[in-house]
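Structural features, examined
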Amino acid sequence: MKIILANPRGFCAGVNMAIDSLEHALALFGTPIYAYHEIVHNRPVVERFRKRGVVFVDSIEEVPESGTVLYSAHGVSPVIREASERRRLRAIDATCPLVTKVHTEAVRYAREGYTIVLIGHEGHDEVVGTMGEAPHHIVLVEDEEDVERLDLPADAKVAYLTQTTLSVDETQSIIAALKRRFPQVAGPAKDDICYATQNRQEAVHELVPEGDMVLVLGSQNSSNSMRLAEIARQHGKPAHLIDGVAELRDEWFAGAEVVLVTAGASAPEDVVSACVTYLRVKFGAEVESRTVREEHVSFPLPRELRALTVVR
Ligand code: SF4
């Protein structure tokens with residue numbers, strides 16, 4: 001067996017920053033400490049923090065007054081920030097700057113009187129946060145059919161934004177449908193899909209023809225991880241999205257000579273290494289690392305933590 005290890009894979013700059021933020025907050029303030037929503041959409045990461053005393057909540061009311069709360073990499077809507085202020089919480093904002101950029105655009109378009117069409121997945125934390133910036137100005141579309149169903153005149157003042165972790169190809173089709181209905185539509189130069197999502201998808205597109213099957217490390221609620229498995233299947237290759245080595249099934253590898261291994265932007269490298277080690281031991285697999293694109297992106301810690309670090 002040969003394993004092709006796709007590069008880039010795994011942690012992106014936003015996830016690194018969010019996890020570092022929670023580490024710093026734990027060191028500075030100790031427990032109890034609260035995270036509003038999963039800090040990143042990855043079960044092993046969340047479980048490790050949970051064991052260290054981090055409490056993950058889905059409602060700000062669950063955080064005791066004057067407590068410390070971290071907002072996840074996916075961002076929050078203004079009503080959550082206001083609720084935190086009312087409870088006099090110490091709030092640390094670990095929203096990825098690339099998500100914040102979409103929020104800022106939503107606020108700007110709403111102020112300028114646009115109806116904003118947000119391309120994204122209903123109920124995803126990031127979409128909930130972005131829509132909360134201008135709830136009366138944003139409509140959500142998930143596919144081309146939703147675009148056809150939009151109840152807007154052809155000459156409407158429309159702009160579009162996208163979730164950061166979508167399929168590049170599907171999003172282009174939806175944007176094309178929008179442009180057919182509203183040729184005047186305003187929007188970003190291309191879309192708001194982040195560099196990390198694009199690069200991980202590009203690597204799978206490029207390497208998957210060489211593989212017999214694909215292993216994607218990531219959680220079932222991780223949008224960008226799910227897209228990687230989907231791309232593999234679109235190329236006609238079986239793909240399994242798993243959190244870690246405990247979920248591997250030997251029968252998946254029957255007849256597989258080349259296995260492509262990748263990981264979503266929230267999956268830690270140790271879960272990749274554990275799977276690779278298993279395949280080496282069990283099937284005598286050899287590993288070839290293949291880099292499709294270099295990444296050199298990093299984000300600073302949130303302002304609230306930087307200020308405290310300087311004081312110390
Ligand atoms: S996947 Fe992209 S938008 Fe999401 S945290 Fe990572 S860099 Fe930021």
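One can find the structure itself at the top, above this paragraph.
The rules behind each value
Counting from 1, residues in each chain are numbered in the order their sequence is written. Two thresholds apply to this predicted model, a pLDDT of at least 70 for residue-level local features and 80 or more for giving and counting side-chain atom pairs, whereas whole-chain, interface and lining totals are computed over all residues. Side-chain numbers come from the whole structure's heavy atoms, not from hydrogens or water. Between 30 and 60 degrees the pair is tilted, below 30 it is stacked and above 60 it is edge-to-face, where a pair is any two Phe, Tyr or Trp rings, Trp via its six-membered ring, whose centres lie within 6.5 Å. The buried label goes to any residue with under 20% of its type's maximum accessible area, the exposed label to any with over 50%, and the partly exposed label to all in between, with areas taken from a 1.4 Å probe on protein chains only. What counts as a helix is a DSSP run of H or I of at least four residues, what counts as a strand is a run of E of at least two, and both are numbered from the N terminus. Over a ring means this: the NZ of a Lys or the CZ of an Arg is within 6 Å of the ring centre and within 35 degrees of the ring normal. The way it works is a 1 Å grid over only the protein atoms, where trapped points that fit a 1.4 Å probe form a cavity and open points with protein on both sides within 12 Å along at least five of seven lines form a pocket, and then any residue with an atom within 4 Å of a point lines it. Grid points are joined across faces, edges and corners, and a volume is the space filled by probe spheres set on the points. Under the rule applied, a polar contact is a pair of N or O atoms within 3.5 Å (in protein, one hydrogen donor and one hydrogen acceptor; residues adjacent in sequence only if both atoms are side-chain atoms). The contact rule is simple, with two residues in contact once any of their heavy atoms fall within 4.5 Å. A carboxyl oxygen of Asp or Glu within 4 Å of a side-chain nitrogen of Lys or Arg is what we treat as a salt bridge.

Some remarks on the packing of aromatic side chains
Applying the stated criterion to the full structure yields 3 aromatic pairs. An angle of 75 degrees between the planes, with centres 5.1 Å apart, marks the rings of Tyr109 and Tyr114 as edge-to-face. Note on accessibility: Tyr109 and Tyr114 belong to one class, buried. Their ring planes at 45 degrees and their centres at 5.6 Å tell us that Phe253 and Phe283 sit as a pair that is tilted. Here Phe253 is found in the loop between β10 (239-242) and β11 (258-263), whereas its partner Phe283 is found in helix α10 (residues 269-283), with 30 residues between them in sequence. A residue is classified by how much of its surface remains accessible, and Phe253, at 4% relative accessible area, is buried. Since its relative accessible area comes to 28%, Phe283 is described here as partly exposed. Every member of this aromatic cluster is reached through a ring pair, and the members are Trp252, Phe253 and Phe283. Sitting above the plane of the Tyr114 ring, Lys157 keeps its charged end 4.8 Å from the centroid.

Looking at empty space enclosed by the protein
Inspection of the entire model under this criterion finds 1 cavity of 30 Å³ or more. The volume enclosed by the largest cavity comes to roughly 290 Å³. Those elements giving two or more residues to the lining of the largest cavity turn out to be α1 (13-29), α4 (97-111), α8 (195-207) and α9 (223-234).

Section: the side chain of Asp93
In this structure, Asp93 sits in strand β5 (residues 90-93). A polar side-chain atom of Asp93 sits 3.0 Å from a polar atom in the side chain of Arg81. For Asp93, the side chain forms a polar contact with the side chain of Thr95, separated by 2.4 Å. Among all residues touching Asp93, those that are not within four sequence positions of it are Tyr71, Arg81, Pro302 and Glu304.

Overview of the pattern of salt bridges
Inspection of every chain in the model, using the stated rule, returns 20 salt bridges. Here Glu269 ties to Arg9 by a salt bridge, and the two come within 2.7 Å at their closest N and O atoms. Here Glu269, found in helix α10, pairs with Arg9, found in the loop between β1 (2-7) and α1; they are 260 residues apart in sequence, far enough to count as distant. In this structure Arg9 comes out as buried when scored by relative accessible area, which is 15%. Between Asp93 and Arg81 there is a salt bridge, with the nearest N and O atoms lying 3.0 Å from each other. Placement of the pair is Asp93 in strand β5 and Arg81 in helix α3 (residues 78-86), with a sequence separation of 12 residues. When salt bridges with common partners are traced through the structure, they connect Lys2, Glu210, Glu288 and Arg290 into a single cluster.

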